[in-house]
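# Summary of the model geometry
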Amino acid sequence: MKAFKLVQWGQPGQYVDVPKPEPGPGDVLIRMKAAGLCRSDLAMVDSQPGSAPYANSIDAGFVLGHENAGFVARVGRAVADLRVGEAVVVHHMRRCGACEH
């Protein structure tokens, strides 16, 4: 499958072939239909090797875009609240999952 990755700091992102991931027990595989690149993604692309706040704490080689929407393609065996084919959006902010916040 294709992914838009930051291969090297200070270089434009590239479409590259990556293996299709297998969801773990609590994971969901999403067939992406839309992915947004926001200002933080652009700041990452512009970062020079070793510079703060990104390139000094994250290794290059990751997939860009964290404002995504698509459909559930597969679910892990412990996932009980999503079904294959269900429309989803990805929210990158961490939370505990036990409260409304």
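Here is a short report on the structure shown in this document.

Definitions and limits used
Residues numbered from 1 in each chain as written. Predicted model: local features only at pLDDT ≥ 70, side-chain atom pairs only at ≥ 80, totals over all residues. Heavy atoms only, no water. Core = buried A, V, L, I, M, F, W, Y, C linked by side-chain atoms within 4.5 Å. Buried < 20%, exposed > 50% of the residue type's maximum accessible area, 1.4 Å probe, protein only. Contact = heavy atoms within 4.5 Å. Helix = DSSP H or I, 4+ residues; strand = E, 2+ residues; numbered from the N terminus. Salt bridge = Lys/Arg side-chain N within 4 Å of Asp/Glu carboxyl O. Pairing = 2+ DSSP bridges. Lys, Arg positive; Asp, Glu negative; His and termini not counted. Polar contact = N/O pair within 3.5 Å; in protein donor to acceptor, adjacent residues only side chain to side chain. Phe/Tyr/Trp six-rings, centres within 6.5 Å; stacked < 30°, edge-to-face > 60°.

### A closer look at the nonpolar core
Membership of the largest hydrophobic core is limited to 7 residues, which are Leu-6, Trp-9, Met-44, Val-45, Ala-55, Phe-62 and Leu-64. Those residues within four positions of Trp-9 in sequence are excluded, and the remaining contacts are Met-44, Ser-47, Gln-48, Pro-49, Tyr-54, Ala-55, Ile-58, Asp-59, Ala-60 and Phe-62.

### Overview of the environment of Ala-55
The residue Ala-55 is located in the loop between helix 1 (39–46) and strand 4 (62–63) in this model. Leave out the neighbours within four places in its chain, and Ala-55 touches Trp-9, Ser-47, Gln-48, Pro-49 and Gly-50.

### Focus: the pattern of salt bridges
Tallying each qualifying case throughout the model produces 2 salt bridges. Taking the shortest distance from any N to any O, the salt bridge between Lys-2 and Asp-17 comes out at 3.2 Å. Pair noted here: Lys-2 is in strand 1 (residues 2–6) and Asp-17 is in strand 2 (residues 14–17), with a separation of 15 residues, a long-range link. Take Lys-2 and Asp-17: they sit in the same class, and that class is exposed.

### As for the sheet that holds strand 4
Within the open sheet, the 3 strands sit side by side as 2-1-4. Their pairing is antiparallel. Unpaired on one side and paired on the other, strand 2 and strand 4 mark the two borders of the sheet. By the bridge criterion, 2 bridges tie strand 1 to strand 4 in an arrangement that is antiparallel. Note that in strand 4 the partner of Lys-5 across the bridge is Val-63.

### Describing unusual backbone geometry
As a rule of thumb, non-glycine residues mostly have phi less than zero, and peptide bonds are mostly trans rather than cis. In this structure, Pro-53 follows Ala-52 across a cis peptide bond, with omega equal to 0°. You can see Pro-53 is positioned in the loop between helix 1 and strand 4.

### Quick notes on the side chain of Asp-41
Within the secondary structure, Asp-41 is located in helix 1. Buried and without a salt bridge, Asp-41 has Arg-39 as its closest oppositely charged side chain, separated by 9.5 Å. Polar contacts involving the side chain of Asp-41 include one to the main-chain amide nitrogen of Cys-38, which spans 3.0 Å. With near-sequence residues (within four places) excluded, Asp-41 lies in contact with Gly-36, Leu-64, Gly-65 and His-66.

### Quick word on the packing of aromatic side chains
For the structure shown, the criterion picks out 2 aromatic pairs. Between Phe-4 and Tyr-15, the ring centres sit 4.9 Å apart and the planes meet at 50°, which makes this aromatic pair tilted. Remark: Tyr-15 occurs in strand 2 and Phe-4 occurs in strand 1; sequence separation between them is 11 residues. Using a relative accessible area of 22% as the deciding quantity, one classes Phe-4 as partly exposed. Taking relative accessible area as the criterion, Tyr-15 reaches 64% and is therefore assigned exposed.

All we've got here are geometric facts, nothing functional implied.
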